[in-house]
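The residues making up each chain are set out below.
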Amino acid sequence: MTKRSVSVTPYDVQGNVDYKKLIKEFGVQEIDKKLLERIKKITGELHPYLRRGIFFAHRDLKECLDEYEKGKKFFLYTGCGPSGPIHLGHISVWRFTKWLQDKFGVELWFQFTDDEKFLYKNQTYEEIQKWTHENMLDVIALGFDPKKTHFLVDTKHAGIIYPEAIKVAKKITFSTLKAAFGFNDSNNIGSIFYTAMQTVPVFLPNVLKKENKKCLIPLGIDQDPHFRISRDVVEKLRHRKPSIIHGKFMPALVGLDGKMSSSDPDKAILMTDTPSQVKKKINKHAFSGGQDTIEEHRKHGGNVEVDIACQWLKYFEEDDAKLQEIYDKYSKGELLSGEVKKILIDKINEFLAEHQKRRASAEKKIKDFLYTIN
Ligand code: TRP
């Protein structure tokens, strides 16, 4: 893996990411005011993650909207690498994806990459299968429409994915992957093949249904390198390039560096956490932008930009006016760090209570979501 102070690849995210720079480096387009207006014209409102620049960049989004306005729907594709419990950092892409599904009334293809995680992580096949099952419950609990959502599990749907994956793989050289992901000769050979598997859902629905729809992929921007490769390859296979909409990483509880990780469950909020665990974790670990003493805080105010409770509220306080009021008061020192944390704790616990209720009844719905091979 390439080691830089700031690194963004599917297998390594480090440092405090400069998204403006990333737009240039990756060659993606910024989502500007004009594009936001255009989306709003179709959807009637903008999701808070669009209003707040959390989904901030794209590739060819305009093409999807052009066709949509002419009455031709696209389909959505996103995925989950099942290697541990789902935490709040994972779900921002999926919550946004659900919003897209609802507003545009489109199908979603959701890939569980059990092969990827088996190949990349130090876990047994059985452990990965357990996480695949657990993660499905969380995805279902987010409320996707079972009639319009299809789960693909790489090892279970291999019969339909593999024939297409070899066609993709034949068009990708090892040197391309070395350049894109920093691979070297000691990578296992499965991991080298894997990007072909992640490419397939870009066009698989069209193959299965003999259609020619655009594919729109909502993702965390670390996944973009896979699809940069896909976009070249699928055209050679006479399929359409996917459009992409890129999200920023939700910062880790302990501060702005890097993305959240479930390998340190003490420092990420898991979907299964109890109210008291949430409270404890936030109070103990959430990086504070406040001053050292109350007197100083009242005098100088806190720094909203680095304060994790403030930053996380962007994800959980949907009301713009309320969020702004909290930011204003915190900046002026009228609100203390502990008080903002309390607001966040209540918001998250309210959200998780609902989620956990739906999660408890998700098991019996799995069969409705798994794509049935005819
Ligand atoms: N590789 C992704 C992960 O590790 C999972 C994934 C598969 C994905 N297909 C995708 C993510 C499409 C975003 C879009 O989590």
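### Re empty space enclosed by the protein
Moving on, step 1. Overall, the coordinates contain two cavities of 30 Å³ or more when judged by the stated rule.
Moving on, step 2. In this model, the largest cavity occupies a volume close to 50 Å³.
Moving on, step 3. If you go around the largest cavity, the residues you meet are I39, L61, L65, F74, L100, F104, L216 and I245.
Moving on, step 4. Looking at the lining of the largest cavity, the elements with two or more residues in it are helix 4 (61-69) and helix 5 (88-104).
Moving on, step 5. Classifying every residue of the lining of the largest cavity by side-chain character gives eight nonpolar, no polar and no charged.
Moving on, step 6. Here the second largest cavity is characterised by a volume of approximately 30 Å³.
Moving on, step 7. Together, F75, E107, W109, P205, N206, K209, E211 and K213 line the second largest cavity.
Moving on, step 8. With three residues, helix 11 (residues 204-209) is the single largest residue contributor to the lining of the second largest cavity.
Moving on, step 9. For the lining of the second largest cavity, the residue count by class is three nonpolar, one polar and four charged.

### Structural notes on the pattern of salt bridges
Proximity of charged atoms lets side chains of opposite charge pair with each other.
Moving on, step 1. The final tally for this structure, using the stated rule, is 24 salt bridges.
Moving on, step 2. A salt bridge links K214 to E63, with the nearest nitrogen and oxygen atoms 3.2 Å apart. Of this pair, K214 sits in the loop between helix 11 and strand 8 (215-220) while E63 sits in helix 4; the two residues are 151 residues apart in sequence, bridging distant segments of the chain.
Moving on, step 3. Given a relative accessible area of 2%, K214 falls into the buried group.
Moving on, step 4. You can call E63 partly exposed: its relative accessible area is 37%.
Moving on, step 5. We note a salt bridge from E211 to K213, for which the minimum N-O separation is 3.5 Å.
Moving on, step 6. Owing to a relative accessible area of 34%, E211 belongs among the partly exposed residues under this scheme.

Parameters and conventions
Residues numbered from 1 in each chain as written. Predicted model: local features only at pLDDT ≥ 70, side-chain atom pairs only at ≥ 80, totals over all residues. Heavy atoms only, no water. 1 Å grid on protein atoms, 1.4 Å probe; cavity = no way out; pocket = protein on both sides within 12 Å on 5 of 7 lines; lining within 4 Å. Points joined across faces, edges and corners; volume = space filled by probe spheres on them. Helix = DSSP H or I, 4+ residues; strand = E, 2+ residues; numbered from the N terminus. Nonpolar A, V, L, I, M, F, W, Y, C, P; charged D, E, K, R; others polar. Salt bridge = Lys/Arg side-chain N within 4 Å of Asp/Glu carboxyl O. Buried < 20%, exposed > 50% of the residue type's maximum accessible area, 1.4 Å probe, protein only.

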